[in-house]
Amino acid sequence: MKRPLSDLPKLFFGTFTVSALTFGGGYVIVPLLSEKFNKRLGWINDEEMLDIVAISQATPGIMAVNASLMIGWRTFGISGALVALLATILPPLILLTIISLVYKTIIASTLVKAIFRGLMIGVSIVILSAVWQMQVMLLKKKKALPLVLMALAFTANFFFDVNPVYVLLAALGIGILATWWEIRHAPGDDL
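To start, this report covers the structure provided alongside it. As the structure is a computational prediction, the values presented were derived from the model and not from experiment.

**A short note on the overall build of the protein chain**
Part 1 of the argument: For the protein chain, the helix and strand inventory stands at eight helices and zero strands.
Part 2 of the argument: Secondary structure of the protein chain in N-to-C order comes out as α-α-α-α-α-α-α-α.
Part 3 of the argument: When the 191 residues of the protein chain are sorted by exposure, 27% land in the buried category.
Part 4 of the argument: A sequence separation of at least 24 residues applies to 57% of the contacts in the protein chain between residues at least 6 apart.
Part 5 of the argument: Here the protein chain displays about 12,700 Å² of accessible surface, and carbon together with sulfur accounts for 73% of that area.

As structure tokens, this is what we get:
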């Protein structure tokens with residue numbers, strides 16, 4: 001659903017704030033984007049958010065930027081995509097510029113090392129939360145294949161050290177075949 005252009009500042013400050021206060025990449029930022037634009041503002045629904053996550057993972061580039069861009073596109077069209085893109089990349093750009101100026105000083109700090117260890121724990125918790133939310137949405141849809149693929153992908157990568165690219169390509173192939181099968185055998189189709 002397209003939003004009025006007067007809501008563009010909400011999109012900018014929403015994505016800017018989430019990007020500025022998030023460490024850890026796409027799996028961390030996606031639940032926060034969902035919280036902001038799905039639950040608080042109601043601009044997108046659960047199913048759209050799940051689609052945005054899936055497409056963001058599959059498209060080249062940074063997942064957080066892809067997700068923000070797609071939320072902007074979905075809610076405002078091209079202007080929303082550009083605003084969300086700018087708002088998402090500005091905080092890391094500003095932070096990296098500042099860090100590059102004082103890098104040698106802060107890298108030796110034990111306080112900075114301790115902060116990053118603490119951030120790793122927080123990032124892990126947010127990632128687990130995102131995985132849990134995706135599983136709950138899949139269980140509500142009563143589709144077993146995505147859950148089985150998720151378990152197989154984890155097992156292949158974690159226990160057998162299969163390259164994630166091969167896992168992704170296998171999941172992509174299986175997903176294409178499953179979608180084709182679903183479309184081909186949909187009730188009421190005369191194809």
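Let us keep going from here.
**A word on the packing of helix α7 (residues 144–158) against helix α8 (residues 164–184)**
Part 1 of the argument: Closest axis-to-axis distance for the α7/α8 pair is 10 Å, and the angle between their directions is 160°. Here α7 lies roughly antiparallel to α8, going by the angle between them. Relative to α8, the crossing made by α7 is right-handed. When α7 is examined against α8, the residues L145, L149, A153, A156 and N157 are found in contact with a partner set consisting of P164, V167, A171, I174 and A178.
Part 2 of the argument: Classifying every residue of the contact of α7 with α8 gives nine nonpolar, one polar and no charged.

**Description of the nonpolar core**
Part 1 of the argument: Counting 26 residues, the largest nonpolar core has L11, V30, L33, F37, M49 and I71 as the members making the most contacts within it.
Part 2 of the argument: The contacts of V30, once residues within four sequence positions are left out, are M49, V53, M63 and A67.

**Considering the packing of helix α3 (residues 46–58) against helix α4 (residues 63–76)**
Part 1 of the argument: In contact at an axis separation of 9 Å, α3 and α4 are set at 135° when each is read in the N-to-C sense. Considering the angle they form, α3 stands oblique to α4. Remark: the crossing between α3 and α4 carries right-handed chirality. Residue-level contacts link E48, M49, D51, I52, V53, I55, S56 and Q57 of α3 to M63, N66, A67, M70, I71 and R74 of α4.
Part 2 of the argument: For the contact of α3 with α4, a count of residues per class yields eight nonpolar, three polar and three charged.

**Looking at the packing of aromatic side chains**
Part 1 of the argument: Applying the stated criterion across every chain yields a total of seven aromatic pairs.
Part 2 of the argument: Plain terms: the ring middles of F154 and F158 are 5.1 Å apart, the flat faces sit at 10° to each other, and that makes the pair stacked. Residue F154 and its partner F158 are located together in helix α7, separated by four residues, close to a single helical turn.
Part 3 of the argument: Accessibility expressed as a relative area gives 57% for F158, which makes it exposed.

**Details of a nonpolar patch on the surface**
Part 1 of the argument: Where nonpolar side chains cluster on the molecular surface, the patch consists of V165, Y166, L169, L172 and I176 and spans about 530 Å² of accessible area.
Part 2 of the argument: Assignment of secondary structure puts L169 in helix α8.

**Focus: the pattern of salt bridges**
Part 1 of the argument: A full pass over the atoms with the stated rule returns three salt bridges.
Part 2 of the argument: For R3, the salt bridge identified is with D7, shortest N-O distance 2.8 Å.
Part 3 of the argument: The exposure class of R3 is partly exposed, given its relative accessible area of 24%.
Part 4 of the argument: E35 is the salt-bridge partner of R40, the closest N and O atoms lying 3.9 Å from each other.
Part 5 of the argument: A residue is classified by how much of its surface remains accessible, and R40, at 59% relative accessible area, is exposed.
Part 6 of the argument: E35 gets classed as partly exposed once you look at its relative accessible area, which sits at 32%.

Criteria and cut-off values
Residues numbered from 1 in each chain as written. Predicted model: local features only at pLDDT ≥ 70, side-chain atom pairs only at ≥ 80, totals over all residues. Heavy atoms only, no water. Helix = DSSP H or I, 4+ residues; strand = E, 2+ residues; numbered from the N terminus. Buried < 20%, exposed > 50% of the residue type's maximum accessible area, 1.4 Å probe, protein only. Contact = heavy atoms within 4.5 Å. Areas by Shrake-Rupley, 256 points an atom, 1.4 Å probe, with all protein chains shown as cover. Axes fitted to C-alpha atoms, helices over the stretch in contact; angles between N-to-C directions. Parallel < 35°, antiparallel > 145°, perpendicular 65-115°, else oblique. Left-handed = near helix turned anticlockwise from the far one by under 90°. Nonpolar A, V, L, I, M, F, W, Y, C, P; charged D, E, K, R; others polar. Core = buried A, V, L, I, M, F, W, Y, C linked by side-chain atoms within 4.5 Å. Phe/Tyr/Trp six-rings, centres within 6.5 Å; stacked < 30°, edge-to-face > 60°. Patch = residues over 30% accessible without salt bridge, like charges linked within 9 Å, V, L, I, M, F, W, Y side chains within 5 Å. Salt bridge = Lys/Arg side-chain N within 4 Å of Asp/Glu carboxyl O.

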